[in-house]
Amino acid sequence: MTDSFEDWLGARTPDRGLRGKAAAVLQVLLSQPRRASFGSAAELAQVAGVNVATVTRTAQALGFAGWPALQQELRARYLSSLSAGQVAAEHRGTGSPSSRSLRRDLDSLALLNRRVDEAVLLTIAEAVATARRTVILAEGSYAAVGLALAHNAGLAGYPVTAVTTGDAELANTMATMRSGDVLIAISFWRLYENTVLAANEARSRGVRVFALTDAASPALASAAEEVVMVPAEGEAFFPSLTAGMAVAQALVTQLAAVDPARTGASIEAAEAMWAKFDLLHRRPTGRP
């Protein structure tokens, strides 16, 4: 499920519209999404026949801090509109694939560090800490992020589960959710329609909804109390999970600090059980 550029930008355009030079910038975004996705603000300004300051002001009029923040989401949306093969073709470059991938992830982490709102992470952590239960929805490749977040949040002492296997499990889980619960939807590259349906159903039931994504669909954003934008561009045909994992780790670290006594007691109980099952000092038995 992917919103068209027209629908996405239309939803962000002020009711009064954009006029003059700002309208010229918007037209370039709509007509040349690839060039806008990979070009600089100066290049976009030249194509639109405006100055760089106008590009910045246009991005702000669309609800972004500036051109880099707008370009991050624009590029994520452009790549999500391509086939897997086309995405891979966009990332052909110099150097080995592995070194390009490492550099891309380092850049994404640096970008995440500059732009993530720590207050939003605190809000999510406190919501999980006070929830009756928390459900994390993450499918496909993104399931790894959801499973890591759920596992460590559970170890920290909170009732958190991950739904990763599709429609039946999701439908059964949604049937039992109610006010006092939290839903965290995780989705990168292409947004599953059932993620949007689940988020809106949860919202209608009084559930607090949060989203971790690289391109906030209006349908998902309208259901979510907060949206954490996570750079997820990879160097191959699939998105990178590195920044998503970093956000999951940051959330668990924040969650553990909400009630240190609760987390400490939970870890002690887990370690006692690990000892009972001989998980702390297990050695190979010598058997094949």
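Up top is the structure these notes are about.
The structure presented is a predicted model; accordingly, all values stated were derived computationally and were not measured.

The rules behind each value
Residues numbered from 1 in each chain as written. Predicted model: local features only at pLDDT ≥ 70, side-chain atom pairs only at ≥ 80, totals over all residues. Heavy atoms only, no water. Core = buried A, V, L, I, M, F, W, Y, C linked by side-chain atoms within 4.5 Å. Buried < 20%, exposed > 50% of the residue type's maximum accessible area, 1.4 Å probe, protein only. Helix = DSSP H or I, 4+ residues; strand = E, 2+ residues; numbered from the N terminus. Axes fitted to C-alpha atoms, helices over the stretch in contact; angles between N-to-C directions. Parallel < 35°, antiparallel > 145°, perpendicular 65-115°, else oblique. Contact = heavy atoms within 4.5 Å. Salt bridge = Lys/Arg side-chain N within 4 Å of Asp/Glu carboxyl O. Pairing = 2+ DSSP bridges. Right-handed = clockwise from strand over helix to strand, strands pointing away. Phe/Tyr/Trp six-rings, centres within 6.5 Å; stacked < 30°, edge-to-face > 60°. Lys NZ or Arg CZ within 6 Å of the ring centre and 35° of its normal. Arc of directions from axis to C-beta.

J.: Any chance you could explain the nonpolar core here in plain terms?
T.: In summary, soluble globular proteins display a tendency toward joint burial of nonpolar side chains. Ranked by internal contacts, the top residues of the largest apolar core, which has 63 residues, are Leu-29, Trp-67, Ile-184 and Ile-186. A per-element tally of this core places helix H9 (residues 118-130) first, with seven residues. One finds Leu-170, Ala-185, Ala-211 and Ala-224 within the second-largest nonpolar core, a separate group that totals 19 residues.

J.: Hey, could you run me through the environment of Asn-200 in this one?
T.: Here Asn-200 lies in helix H12 (residues 193-204). Sequence separation of Asn-200 and Leu-220 is 20 residues, and the distance between their C-alpha atoms is 7.5 Å.

J.: I would appreciate a short explanation of the packing of helix H11 (residues 167-174) against H12 in the present structure.
T.: Relative orientation and spacing of two packed helices are given, respectively, by the angle between their axes and the distance between those axes. Taken N-terminus to C-terminus, the directions of H11 and H12 make an angle of 5 degrees; their axes are 11 Å apart at the nearest point. Viewed along their axes, H11 and H12 adopt a mutual orientation that is roughly parallel. Contact residues: Asp-167, Leu-170 and Met-174 in H11; Asn-194, Ala-198, Glu-201 and Ala-202 in H12.

J.: What should I look at first to understand the pattern of salt bridges in this one?
T.: Any two side chains of opposite charge can pair if their charged atoms end up close together. For the coordinates displayed, the defined rule picks out seven salt bridges. In this structure, the salt-bridge partner of Arg-205 is Glu-201, at a minimum N-O distance of 2.7 Å. According to the relative accessible area criterion, Arg-205 is partly exposed, its value standing at 33%. In this structure Glu-201 comes out as partly exposed when scored by relative accessible area, which is 33%. Taken together, the shared-partner salt bridges connect Arg-75, Arg-104 and Glu-233 into one network.

J.: Is there a simple way to think about the pairing of strand S1 (residues 134-138) in this case?
T.: For a regular strand, side chains alternate in direction, first toward one face of the sheet and then toward the other. Within S1, five of the five residues are buried, leaving the element largely enclosed by the surrounding structure. Neither face of S1 is exposed, since Thr-134, Ile-136 and Ala-138 on one face and Val-135 and Leu-137 on the opposite face are all buried. As paired strands, S1 and strand S2 (residues 160-163) are joined by four bridges and run parallel to one another. Along S2, the bridge assignment pairs Leu-137 with Val-163. Once the chain exits S1 it traverses helix H10 (residues 143-155) before rejoining the sheet at S2, and the crossover so formed is right-handed.

J.: Explanation requested: the packing of aromatic side chains in the structure shown.
T.: Here the distance between the centres and the angle between the planes together describe a pair of aromatic rings. For the structure shown, the criterion picks out two aromatic pairs. Geometrically, the ring pair formed by Phe-38 and Tyr-78 is edge-to-face, given 6.0 Å between the ring centres and 90 degrees between the ring planes. Taken as a pair, Phe-38 in helix H3 (residues 33-38) and Tyr-78 in helix H6 (residues 67-80) lie far apart in primary sequence, 40 residues in all. Assessed through its relative accessible area of 29%, Phe-38 is described here as partly exposed. A centroid spacing of 5.7 Å and a plane angle of 75 degrees characterise the contact between Tyr-142 and Phe-188, whose relative ring orientation is edge-to-face. Residue Tyr-142 is found in the loop between S1 and H10, and its partner Phe-188 is found in the loop between strand S3 (182-187) and H12; the two are separated by 46 residues along the sequence. For Phe-188, a relative accessible area of 1% puts it in the buried group. Across the ring face of Phe-38, the terminal group of Arg-34 is positioned such that the distance to the ring centre comes to 5.2 Å.

J.: It is not clear to me how the pairing of S3 should be interpreted in this structure. Could you clarify?
T.: Here S3 lies mainly inside the structure; six of its six residues are buried. The side-chain alternation of S3 yields two buried faces, one formed by Val-182, Ile-184 and Ile-186 and the other by Leu-183, Ala-185 and Ser-187. By the bridge criterion, five bridges tie S1 to S3 in an arrangement that is parallel. Bridge pairing in S3 places Ala-138 opposite Ile-186.

J.: Explain the side chain of Arg-75 to me, please; I cannot follow it from the model alone.
T.: The topology assignment puts Arg-75 in helix H6. According to the relative accessible area criterion, Arg-75 is buried, its value standing at 17%. If we skip the residues at most four places from it in the chain, Arg-75 touches Ser-37, Phe-38, Arg-104 and Glu-233.

J.: Just to check I follow, could you spell out H11 for this structure?
T.: Since one α-helical turn is 3.6 residues long, residues separated by three or four positions face the same way. Along H11, the residues that are buried comprise Leu-170, Thr-173 and Met-174. On an axial view of H11, the arc spanned by its buried residues comes to 95 degrees, and they lie on one face. Residues of H11 that are exposed and point over 90 degrees away from its buried face: Ala-168 and Asn-172.

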